[in-house]
Amino acid sequence: MKNSTKIKEIKERQLITTIGMKGNKKVLTVLNSLLADELTAINQYMVHSEMCDNWGYLKLHMAIRKQAMDEMHHAEWLIERIIFFDGSPTVSKLNNIRIGKTVAEMISNDNDYELGAVQSYNDAIKLAQEVSDQGTVDLLTMILKMEEVHIEWAESQGEQIKQMGMENYLVNQTEVPVK
Ligand SMILES: [Fe+2]
Ligand SMILES: [Fe+2]
């Protein structure tokens, strides 16, 4: 038998054994709860991003839009994992959405949400470790690291506002970012 045919056969066998893999109930519940968090963040950030665009703060618009896109990837990966485990992804549930009325409020509300996300991902990783679900640990760790970058961004915005004052900070946000 040719080597390539053999590899194909092995892959097909693996597929058959992984299809229908049942996930741990607790892990599935937590994955769906994380999904609700991500879907909430997408909505909150998209509104903030468009408000910034409307005010002409294009740099801020692009930065928040990029974060909304990151959260979309997270939601997509969580849905993929839930389906892999034969679970049903709940995409109709949203948590409380906190829209800021000012740029300061937006950054603060988004940062609060990110801090909550980091806590939730750390808790979920612990649970996945307890049930020896390394695939979920790896996925959640990858997402957690991206959430930490989001927090870093929000903290640096807070520091810039403190150092240069809100008016100067906002003047900087009107520039169109260089691609
Ligand atoms: Fe996320
Ligand atoms: Fe995030």
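Please read these numbers as outputs of a predicted model, since none were measured by experiment.

**Q** Please explain empty space enclosed by the protein as it appears in this structure.
**A** If a probe as big as a water molecule is rolled over the atoms, it shows which places are left empty. The final tally for this structure, using the stated rule, is two cavities of 30 Å³ or more. By volume, the largest cavity amounts to about 60 Å³. Lining the largest cavity we find Leu34, Asp37, Glu38, Ala41, Tyr45, Glu71, Tyr113, Glu114, Ala117, Ser120, Tyr121 and Glu147. Mapped onto the lining of the largest cavity, the elements with two or more residues apiece are helix 2 (25-55) and helix 4 (103-130). Considering only residue class, the lining of the largest cavity consists of six nonpolar, one polar and five charged. Space inside the second largest cavity adds up to approximately 30 Å³. Lining the second largest cavity are Val27, Val30, Leu31, Ala124, Leu127, Ala128, Thr136 and Leu140. Elements represented by at least two residues in the lining of the second largest cavity include exactly helix 2, helix 4 and helix 5 (134-164). Residues belonging to the lining of the second largest cavity are distributed by class as follows: seven nonpolar, one polar and no charged.

**Q** I tried to follow the coordination of the iron ion (ligand 2) on my own but got confused; where do I start?
**A** Ideal donor angles around a metal are set by the shape: a four-donor tetrahedron calls for 109.5 degrees, a six-donor octahedron for 90 or 180 degrees. Surrounding the iron ion (ligand 2) are the protein donor atoms Glu71 (OE), Glu114 (OE), Glu114 (OE), Glu147 (OE) and His150 (ND1), which sit 2.0 to 2.3 Å from the metal. Between the donor residues of the iron ion (ligand 2), the gaps in sequence give the motif E-x42-E-x32-E-x2-H. Between the iron ion (ligand 2) and the iron ion (ligand 1) the interatomic distance amounts to 3.9 Å, and Glu71 serves as a bridging ligand to the pair. Residue Glu147 and its partner His150 are located together in helix 5, separated by three residues, close to a single helical turn. As far as burial versus exposure is concerned, Glu147 and His150 are alike and both buried.

**Q** Is there a simple way to think about the packing of helix 4 against helix 5 in this case?
**A** The angle between the axes and the distance between the axes are what describe a pair of packed helices. Their axes nearest at 9 Å, the elements helix 4 and helix 5 cross at an angle of 155°. What the angle tells us is that helix 4 and helix 5 run roughly antiparallel. Remark: the crossing between helix 4 and helix 5 carries left-handed chirality. Of the residues assigned to the contact of helix 4 with helix 5, the class counts are 15 nonpolar, seven polar and three charged.

**Q** What exactly am I supposed to notice about the coordination of the iron ion (ligand 1) here?
**A** Each protein donor to the iron ion (ligand 1) is listed here as Glu38 (OE), Glu38 (OE), Glu71 (OE), His74 (ND1) and Glu147 (OE); together their distances run 1.9 to 2.3 Å. Along the chain, the residues donating to the iron ion (ligand 1) fall in the pattern E-x32-E-x2-H-x72-E.

**Q** So what exactly am I meant to see when it comes to the packing of aromatic side chains here?
**A** Remark: the centre distance and the inter-plane angle together describe each pair of aromatic rings, the angle taken between the planes. Scanning all chains against the criterion turns up two aromatic pairs. Ring centres 6.3 Å apart and planes at 70° place the aromatic pair Trp55 and Tyr57 in the edge-to-face group.

**Q** When you look at the side chain of Asn32 in this model, what are you seeing that I'm missing?
**A** Among the secondary structure elements, Asn32 is positioned in helix 2. Polar side-chain contacts of Asn32 include one of 3.1 Å to the backbone oxygen of Ser88. Contact partners of Asn32, with chain neighbours within four places excluded, come to Ile82, Ser88, Pro89 and Thr90.

What counts and what doesn't
For every chain, the first residue of the written sequence is number 1, and numbering continues from 1 onward in sequence order. Just so you know, chain letters begin at A and ligand numbers begin at 1, following the order they were written in. Reporting in this predicted model follows two pLDDT cut-offs: at least 70 for local features of residues, and 80 or more for side-chain atom pairs to be given and counted; totals over whole chains, interfaces and linings ignore these cut-offs and use all residues. Side-chain figures throughout are based on the complete set of non-hydrogen atoms in the structure, without hydrogens or water. Here the term cavity refers to a set of points on a 1 Å grid, laid over the protein atoms alone, in which a 1.4 Å probe fits but cannot get out; the term pocket refers to an open set having protein on both sides within 12 Å along at least five of seven lines, with lining residues being those that place an atom within 4 Å of a point. Grid points are joined across faces, edges and corners, and a volume is the space filled by probe spheres set on the points. In this description a helix means any DSSP run of H or I spanning at least four residues, a strand means any run of E spanning at least two, and both kinds are numbered starting from the N terminus. Gly is put with the polar residues, along with every residue not named as nonpolar or charged; the nonpolar set is Ala, Val, Leu, Ile, Met, Phe, Trp, Tyr, Cys and Pro, and the charged set is Asp, Glu, Lys and Arg. Here the term donor refers to an N, O or S atom within 2.8 Å of the metal (or 3.2 Å for Na, K and Ca), and because water is left out of the atoms, sites may appear incomplete. To sort residues, take the accessible area from a 1.4 Å probe on protein chains only and compare it with the maximum for the residue type: under 20% means buried, over 50% means exposed, and anything in between is partly exposed. A fitted line through C-alpha atoms represents every axis, and for helices the fit uses only the stretch in contact; the resulting angles, taken between N-to-C directions, go from 0 to 180 degrees. Here is the rule for angles: anything less than 35 degrees is roughly parallel, anything more than 145 is roughly antiparallel, 65 through 115 is roughly perpendicular, and the remaining ranges are oblique. For any pair of crossing helices, the crossing counts as left-handed if the nearer helix is rotated counterclockwise from the farther one by less than a right angle, and right-handed if it is rotated clockwise. Centres within 6.5 Å make a pair out of two Phe, Tyr or Trp rings, where for Trp the six-membered ring is used; the pair is then stacked when the planes are under 30 degrees apart, edge-to-face when over 60, and tilted otherwise. Polar contacts, as used here, are pairs of N or O atoms within 3.5 Å; protein pairs need one atom able to donate a hydrogen and one able to accept it. Residues neighboring in sequence count only if both atoms are side-chain atoms. Here, two residues are considered to be in contact whenever any of their heavy atoms come within 4.5 Å of each other.

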